[in-house]
Amino acid sequence: MAKQGFIPTAAVEPLFAALLYCLCSNTMVLSNKAILSYFNFHYPLWLMAFQSLCTSLILEGGRHLGLNKCEKMNYVVAMRMLPVNLLFVAMICTAGLATQYLSVPFLTVFKNMTNIIITFGEQYFFGKEVSGGVIVSILLMALGSACAAVNDIEFSAAGYFWLFWNCLATAGYLLYIKFTMDSMKISKDNMALYNNALGFPLIFFLAICSEPHVTNFGEFHDGWFITLVSISGLAGFAMSLSSFYAMEKTSPTTYGMIGALNKIPASILGAIFFQAEISEGGWTGIAIGLFGGIVFAYVKSQETSKPPAPRIEPSSDQEEGNELLPRV
């Protein structure tokens with residue numbers, strides 16, 4: 001039997017997709033927080049619009065050069081994508097607004113609340129049962145979030161308001177996009193293109209209406225600011241593609257596990273880089289919330305790995321009895 005010199009690509013791709021998603025996610029969160037905090041750039045919607053524009057231009061340029069699998073945008077597909085796009089815009093805009101007010105550790109641990117909404121959303125819309133293990137993990141996440149909020153030294157009502165709506169928008173987006181990707185058979189490149197190309201005009205309009213004084217910002221020519229904004233734009237593009245790539249190459253449960261584990265380095269790096277003031281009670285809440293997220297992902301992975309219940313074949317008596325039933 002010949003020895004395998006290399007691990008098969010099929011085994012490598014899911015791991016690569018997970019690592020790429022984590023890298024892009026952390027880069028985007030930290031670069032956005034640096035821009036909003038270090039430079040006091042209080043215009044998160046303009047930052048989101050810039051990221052959306054960068055993603056659209058890079059993908060469209062790649063399409064013309066034959067570097068990606070994007071197809072020319074279609075009106076019919078765009079109309080079918082509109083509900084997903086509205087949720088996408090709501091998700092990234094509320095995320096930007098929440099990031100402006102909350103520290104990275106608190107921001108990441110409260111994102112676990114999205115798992116709770118998705119769980120009960122799947123139960124309500126798709127009839128999926130909620131197991132005891134999932135309920136325990138939900139209680140842990142809720143307890144951790146409550147403990148963290150109570151002990152938040154830098155408590156911001158506006159931050160938690162936008163984070164609440166971000167959790168709702170993110171849950172709605174993830175629930176709806178599962179249906180869209182399966183029913184439309186659209187590639188990850190095209191999904192990212194439609195999301196950002198359709199989303200940019202709306203985000204731009206919201207930025208003009210709610211943040212008209214962006215021209216008063218005095219650091220546009222600062223070298224570090226330009227560097228961070230450029231990194232943020234590229235990270236937004238990479239995040240759009242890597243999230244769909246991870247969804248494509250891993251199962252939904254594995255994708256949830258990646259999200260849960262990804263919050264740990266994000267919390268630690270955020271606390272180190274931005275010197276967030278977090279009390280012992282705050283760290284306790286964050287730790288409980290992160291642990292609850294890991295338990296949630298583990299329980300869901302165990303549920304998914306269980307073999308389906310065996311199908312019971314009808315007996316001969318039942319088959320004969322069935323023949324007497326009317327055909328409908």
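All of these numbers come straight from a predicted model, not from anything done at the bench.

Our next topic: the pattern of salt bridges. For the structure on display, the rule yields one salt bridge. The closest approach of N and O atoms between Glu60 and Arg63, which form a salt bridge, is 2.7 Å. With Glu60 and Arg63 both in helix H2 (residues 44-65) and three residues apart, the pair spans about one turn of that helix.

This next bit is on the packing of aromatic side chains. For the structure shown, the criterion picks out 15 aromatic pairs. Consider the rings of Phe88 and Tyr173, whose centres lie 5.9 Å apart with planes at 45°: the pair is tilted. Of this pair, Phe88 sits in helix H3 (residues 75-101) while Tyr173 is found in helix H7 (residues 157-184), placing the two residues 85 residues apart along the sequence. Each member of the pair, Phe88 as well as Tyr173, is classed as buried.

Attention now goes to the nonpolar core. If you look at the biggest cluster of nonpolar residues, it comprises 43 residues, and the most contacted ones within it are Ile35, Phe41, Leu59, Tyr173, Ile203 and Phe225. Elements with a contribution of two residues or more to this core: helix H1 (9-38), H2, H3, H7, helix H8 (188-210) and helix H9 (223-249). No other element matches H3, which puts eight residues into this core. Once residues within four sequence positions are removed from consideration, Tyr173 is found in contact with Val84, Leu87, Phe88, Met91, Asn195 and Phe244. Judged by nonpolar contacts, the second largest core, of 12 residues, contains Leu102, Val109, Phe110 and Leu290.

What follows concerns the packing of H2 against H9. Running from amino to carboxyl end, H2 crosses H9 at an angle of 60°, the nearest separation of the two axes being 8 Å. The orientation of H2 with respect to H9, classified from their angle, is oblique. In this structure, H2 crosses over H9, and the sense of that crossing is right-handed. On H9, the residues that touch Leu47, Phe50, Gln51, Cys54, Thr55, Ile58 and Leu59 of H2 are Val229, Ser232, Gly233, Leu234, Gly236, Phe237, Ser240 and Leu241. By residue class, the composition of the contact of H2 with H9 is nine nonpolar, six polar and no charged.

Turning to H3, a few remarks are in order. Here H3 contains 27 residues, and its C-alpha end-to-end distance of 38 Å stays within 8% of the 39 Å for a straight helix at 1.5 Å per residue. Bending of H3 peaks at approximately 50° at the position of Leu82, with proline Pro83 no more than four residues after it. The backbone nitrogen of Val76 has a side-chain oxygen 2.8 Å away, supplied by the residue at the start of H3, namely Asn74.

Taken as a whole, the second largest pocket holds about 190 Å³ of empty space. Along its surface, the second largest pocket is lined by Phe41, Trp46, Leu47, Ala49, Phe50, Leu53, Phe200, Phe204, Val214, Phe220 and Val229. Looking at the lining of the second largest pocket, the elements that each hand over two or more residues are H2 and H8. In terms of residue count, the dominant contributor to the lining of the second largest pocket is H2 (five residues). Residues of the lining of the second largest pocket, tallied by class, amount to 11 nonpolar, no polar and no charged.

Conventions and cut-offs
Residues numbered from 1 in each chain as written. Predicted model: local features only at pLDDT ≥ 70, side-chain atom pairs only at ≥ 80, totals over all residues. Heavy atoms only, no water. Salt bridge = Lys/Arg side-chain N within 4 Å of Asp/Glu carboxyl O. Helix = DSSP H or I, 4+ residues; strand = E, 2+ residues; numbered from the N terminus. Phe/Tyr/Trp six-rings, centres within 6.5 Å; stacked < 30°, edge-to-face > 60°. Buried < 20%, exposed > 50% of the residue type's maximum accessible area, 1.4 Å probe, protein only. Core = buried A, V, L, I, M, F, W, Y, C linked by side-chain atoms within 4.5 Å. Contact = heavy atoms within 4.5 Å. Axes fitted to C-alpha atoms, helices over the stretch in contact; angles between N-to-C directions. Parallel < 35°, antiparallel > 145°, perpendicular 65-115°, else oblique. Left-handed = near helix turned anticlockwise from the far one by under 90°. Nonpolar A, V, L, I, M, F, W, Y, C, P; charged D, E, K, R; others polar. Expected span 1.5 Å × (residues − 1). Bend = angle between axes of the 7 residues up to and from the residue. Polar contact = N/O pair within 3.5 Å; in protein donor to acceptor, adjacent residues only side chain to side chain. 1 Å grid on protein atoms, 1.4 Å probe; cavity = no way out; pocket = protein on both sides within 12 Å on 5 of 7 lines; lining within 4 Å. Points joined across faces, edges and corners; volume = space filled by probe spheres on them.

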